[in-house]
Amino acid sequence: MSAAEPVRTARFYTSARRLPWVIGKFADWKIWFGPYNAVQIGVMSIGGLALVRTASYWWSLLGPVPVVLWVVAIFVCRRHKIAGRTPVGAALGVGLRLLQPAGGRIGGRAARGPRPQAFSGAFTLQALTKAEPSAVTERVTVARPQRRTARRPAPRQSASAAVRRPLSPVQAALLAAKEQN
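Cut-offs applied
- Residues numbered from 1 in each chain as written.
- Predicted model: local features only at pLDDT ≥ 70, side-chain atom pairs only at ≥ 80, totals over all residues.
- Heavy atoms only, no water.
- pLDDT = per-residue confidence, 0-100.
- Helix = DSSP H or I, 4+ residues; strand = E, 2+ residues; numbered from the N terminus.
- Axes fitted to C-alpha atoms, helices over the stretch in contact; angles between N-to-C directions.
- Parallel < 35°, antiparallel > 145°, perpendicular 65-115°, else oblique.
- Left-handed = near helix turned anticlockwise from the far one by under 90°.
- Contact = heavy atoms within 4.5 Å.
- Nonpolar A, V, L, I, M, F, W, Y, C, P; charged D, E, K, R; others polar.
- Patch = residues over 30% accessible without salt bridge, like charges linked within 9 Å, V, L, I, M, F, W, Y side chains within 5 Å.
- Areas by Shrake-Rupley, 256 points an atom, 1.4 Å probe, with all protein chains shown as cover.
- Salt bridge = Lys/Arg side-chain N within 4 Å of Asp/Glu carboxyl O.

**Considerations on the confidence of the model for the protein**
Then step 1. Of the residues in the protein, 68% have a pLDDT of 70 or more, and the chain-wide mean is 76.
Then step 2. Of all the helices and strands in the protein, helix 1 (residues 15–18) carries the lowest mean pLDDT, 50, while helix 2 (residues 38–53) carries the highest, 91.

Rendered as structure tokens:
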């Protein structure tokens, strides 16, 4: 292709891009005072139903004034925009925002923190050998669970129950804290 030849450009537009979604426009035929958008259809149907159901209450006082206001409301909604969007689109956006998860989305799925895991808190105490110089020795009383039976009374702990055993620094700190309380 030489530089002298003009470049041809073809553009194709669907009717959805050229015209907004409307009801009442078919080729060259239109409904009276139409076409109507979705908000106008909603105002027509809900307002008309409300006016028909409550006509016995307002007709004697106001006459045709509510009907005239209803027709004016239909035409006010013809080109109404909220921040550049139609009211239906704005309401849909607000609804979708309220349905979003609080933490947002990652990869299209709701973002959640890691699952909680049960912490057992179990630990093992081991006796220290005498070779370790950091071992702290204290007198510890071993408490045995007492059974309450009617046949025999619970035995008392004798002085032999006191055992001298080395303590780890954590055990010593816990014992000191217990004694302070």
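What follows picks up the thread again.
**A closer look at the packing of helix 2 against helix 4 (residues 65–76)**
Then step 1. The N-to-C vectors of helix 2 and helix 4 enclose an angle of 165 degrees; their axes lie 9 Å apart at closest approach. The angle between helix 2 and helix 4 places the two elements in the roughly antiparallel class. For the element pair helix 2 and helix 4, the recorded crossing hand is right-handed. In contact with Q40, V43, M44, G47, G48 and L51 of helix 2, helix 4 contributes P66, V67, W70, A73, I74 and F75.
Then step 2. Taken together, the residues of the contact of helix 2 with helix 4 sort by class into 9 nonpolar, 3 polar and no charged.

**Examining a nonpolar patch on the surface**
Then step 1. A grouping of W29, I31, W32, F33, V67, V71 and F75 is seen on the molecular surface, where their side chains present a nonpolar patch of about 780 Å² in accessible area.
Then step 2. In terms of residues, the nonpolar patch owes the most to one element, helix 4, which gives 3 residues.
Then step 3. Tracing the sequence through the fold places W29 in strand 2 (residues 29–30).

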